[in-house]
Amino acid sequence: MDWLSAVQQLRHEGQPGVLVTVIEVRGHAPRDAGAKMVVSRDHCWGSVGGGNLEATAVARARALISSGAIEPEVLELQLNPHTHTEHGRQCCGGVVRLLLEPLAVRPVVALFGVGHVGYELARILSRLPIQLLLVDSRAEQLDRVRLADVIDGAAEVAIFHTLLGEQILEQLPRGAHVVIMTHDHAEDYALCDAALRLRQPLGGIGLIGSSVKWTRFQAQLAAAGHSPEAIGRITCPIGQPGITGKDPAVIAVAVAAALIQMLGSKAGAAVPL
């Protein structure tokens, strides 16, 4: 896989990475300026020269990933037998400067139910640089003509017609945000139950509904074996406090506002969906 395909794969999977580029070579070096390598948490694609040079670049790239850094940095390495590093010596005799660019991870929002409110919410979210998953058991709600203005936004939109939304939940990456607003309360409950059973932690779980609906769901989830702490991970009702109204567009604005606040917060921060 070449470096460009690797970048696209990481973006599709919602995984962080670092693009490493040789930006300057003075003297002799294994690779010329322009050579590139992509580094993820556990894989590398391409090469900037091997040996100590590459091992140092990979270690630094993974440190950037671990720290959540977003700013690029330049790393200069001298390749001579007198320079000893953690990864050994290289005696090419040159000096190499590397540019390390963290690859931004697009947040993932999975919207279960694309009815009146879901459609309005999808329209708003589609204008953001995110991965937007639209899931519905009703094929007519996912008609591409109906969703034309959603698909034509800045978001990377994926559409899933399935009777079992739980199957999509299981495929979500770590930190994905889930919004549950289907046409069927039984379907809503099944998704809430499945979301709490996932091994990978989600960024947030939001459920549309009244206080009566949520009281009933809490009792059902407790009877199914979920702890109060687990049930507390679900936010219901959803939306930004202070934005009131029952019009689908108003509800969508309130939910989008809460989501945007969450997407802009630090990982792990508890922000109501």
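Just so you know, these numbers come straight off a predicted model, no measurement behind them. Residues take numbers from 1 onward in each chain, read along the sequence in its written order. Reporting in this predicted model follows two pLDDT cut-offs: at least 70 for local features of residues, and 80 or more for side-chain atom pairs to be given and counted; totals over whole chains, interfaces and linings ignore these cut-offs and use all residues. Hydrogen atoms and water are omitted, and side-chain values are computed over all heavy atoms in the structure.

Colleague: How would you explain the confidence of the model for the chain if you had to name every residue and give the values?
Modeller: Residue-level confidence of the predictor is what pLDDT reports, using numbers from 0 through 100. Confidence along the chain averages 89 in pLDDT terms, with 92% of residues attaining 70 or more. Contacts: residue pairs with any heavy atoms within 4.5 Å of one another. Every residue in residues 266-273 scores below 50 in pLDDT, and together they form 16 contacts with partners more than four places removed in sequence or on other chains.

Colleague: Describe the sheet that holds strand β2 (residues 36-39), and please don't skip the residues or the numbers.
Modeller: Strands sit in the order β3-β2-β1-β5-β4 across an open sheet of five strands; the sheet is antiparallel. Each edge of the open sheet carries a strand with a single partner, namely β3 (44-46) and β4 (73-78). Taken pair by pair, the neighbouring strands of this sheet meet at an average axis angle of 25°, ignoring direction. In this sheet, strand β5 (residues 95-103) lies alongside β4 in antiparallel orientation, the contact comprising six bridges. Paired with E73 across the two strands is L100, which belongs to β5. Fitted lines through C-alpha atoms give the axes, limited to the stretch in contact for helices. The angle between two N-to-C directions lies from 0 to 180 degrees. Every helix listed is a DSSP run of H or I at least four residues long, and every strand listed is a run of E at least two residues long, numbered separately from the N terminus. Against the sheet, helix α1 (residues 3-13) contacts β1 (17-26), β2, β3 and β5, and its axis sits at roughly 25° relative to β2. Between any two strands, at least two bridges found by DSSP are needed for them to pair.

Colleague: Break down the packing of aromatic side chains for me, with residues and values.
Modeller: Classification of ring pairs rests on two measures: the distance between centres of Phe, Tyr or Trp rings, Trp counted by its six-membered ring, which must be within 6.5 Å, and the angle between planes, read as stacked under 30 degrees, edge-to-face over 60 and tilted in between. Summed over the entire model, instances satisfying the criterion amount to one aromatic pair. Centroid distance Y189 to F217: 5.7 Å. Interplanar angle 85°. Geometry classified as edge-to-face. Of this pair, Y189 sits in helix α6 (residues 185-197) while F217 is found in helix α7 (residues 211-223), placing the two residues 28 residues apart along the sequence. Any Lys NZ or Arg CZ found within 6 Å of a ring centre and within 35 degrees of that ring's normal is scored as a charge over the ring. Here the basic side chain of K36 rests over the ring of W3, its NZ or CZ set 5.2 Å away from the ring centre.

Colleague: Please provide a residue-by-residue account of helix α2 (residues 51-67), values included.
Modeller: Expected helix span is taken as 1.5 Å per residue step, with the number of steps being one fewer than the number of residues. The end-to-end C-alpha separation of α2 is 25 Å, in line with the 24 Å expected for 17 residues at 1.5 Å each. The rule is simple: take the accessible area with a 1.4 Å probe, protein chains only, and divide by the maximum for that residue type; under 20% is buried, over 50% is exposed, in between is partly exposed. Every buried residue belonging to α2 is among N52, L53, E54, T56, A57, V58, A61, L64 and I65, and all of these are buried. Against β1, β2, β3, β4 and β5 lie the buried residues of α2. Where α2 terminates, the next one or two residues include G68, which has phi positive at roughly 75°.

Colleague: Describe the side chain of D193, with residues and values.
Modeller: Tracing the sequence through the fold places D193 in helix α6. We classify D193 as buried; its relative accessible area is 16%. Among residues more than four places away in sequence, those in contact with D193 are L221, A224 and H226.

Colleague: Lay out the packing of α6 against α7 in plain terms, naming residues and giving numbers.
Modeller: Packed helices, taken two at a time, are described by their axes: the angle between them and the distance between them. Relative to each other, α6 and α7 sit at 50°, their axes nearing to 11 Å. The angle between α6 and α7 places the two elements in the oblique class. The way α6 lies across α7 gives a crossing that is right-handed. Residues H185, D188, Y189, C192, D193 and L196 of α6 form the contact with α7, whose own contacting residues are K213, R216, F217, Q220 and L221. The scheme is simple: roughly parallel for angles under 35 degrees, roughly antiparallel for over 145, roughly perpendicular for 65 to 115, oblique for anything else. Crossing handedness follows the turn of the near helix against the far one: under a right angle anticlockwise gives a left-handed crossing, and clockwise gives a right-handed one.

Colleague: I'd like a description of the nonpolar core, backed by residues and values.
Modeller: In plain words, nonpolar cores are sets of buried Ala, Val, Leu, Ile, Met, Phe, Trp, Tyr and Cys residues tied together by side-chain atoms within 4.5 Å. Counting residues in hydrophobic clusters, the biggest one holds 27 residues, and the most contacted among them are F112, L169, L172, L202, L207, W214 and I234. Mapped onto this core, the elements with two or more residues apiece are β6 (108-112), β7 (131-136), α5 (165-171), β9 (177-180), α6, β10 (204-207) and α7. A per-element tally of this core places α6 first, with six residues. Discounting residues that sit within four places of it in the chain, W214 has contacts with L207, L221, I231, I234 and C236. Counting 22 residues, the second largest nonpolar core, distinct from the first, contains I130, I238, V255 and A256.

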